[in-house]
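# Commentary on secondary and tertiary structure
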Amino acid sequence: MKQIGLLNIETKIRIRDAIKADKRDLYLVVSVKLLKTEEKLITGCWVTPLAMLIVEQEMKYAFSIDGQDMPMEEILELAPSLKMVIDNADCKDKINIE
């Protein structure tokens with residue numbers, strides 16, 4: 001009988017493409033967990049939504065999926081690549097994050 005080695009869980013934070021809503025860009029931040037064997041074969045995965053970022057012409061804000069307010073610093077710490085996404089958002093006026 002073939003023995004199965006220990007399974008590893010690899011976690012990645014990903015940002016989905018913007019959803020356009022009038023003059024807003026909505027970004028979903030998700031956690032992707034991959035269950036891998038010692039041979040790096042994926043045996044399972046699951047995706048968990050973490051937060052939503054809303055970028056408007058004059059403001060940006062985020063909230064966690066459970067409805068709680070989420071400071072921009074917290075969401076940027078969670079998903080650092082989001083800074084580049086926000087800087088390139090297709091709103092009329094660019095919003096810069098300091």
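Residues numbered from 1 in each chain as written. Predicted model: local features only at pLDDT ≥ 70, side-chain atom pairs only at ≥ 80, totals over all residues. Heavy atoms only, no water.

### Comments concerning the confidence of the model for the protein
Overall, the predicted model of the protein reaches an average pLDDT of 78, with 82% of residues at or above 70. Within the model, pLDDT remains below 50 along residues 92-98, and this stretch shows 20 contacts once partners closer than five positions in the same chain are excluded. (pLDDT = per-residue confidence, 0-100. Contact = heavy atoms within 4.5 Å.)

### Things to note about the pattern of salt bridges
The tally for this structure, following the rule as stated, stands at 4 salt bridges. We note a salt bridge from Lys12 to Glu10, for which the minimum N-O separation is 3.3 Å. When the shortest N-O distance is used, the salt bridge between Glu56 and Arg24 registers 2.8 Å. Of this pair, Glu56 sits in the loop between strand 4 (42-55) and strand 5 (60-64) while Arg24 sits in strand 3 (residues 24-36), and the two are 32 residues apart along the sequence. One continuous salt-bridge network, built from bridges that share partners, spans Glu10, Lys12 and Lys36. (Salt bridge = Lys/Arg side-chain N within 4 Å of Asp/Glu carboxyl O. Helix = DSSP H or I, 4+ residues; strand = E, 2+ residues; numbered from the N terminus.)

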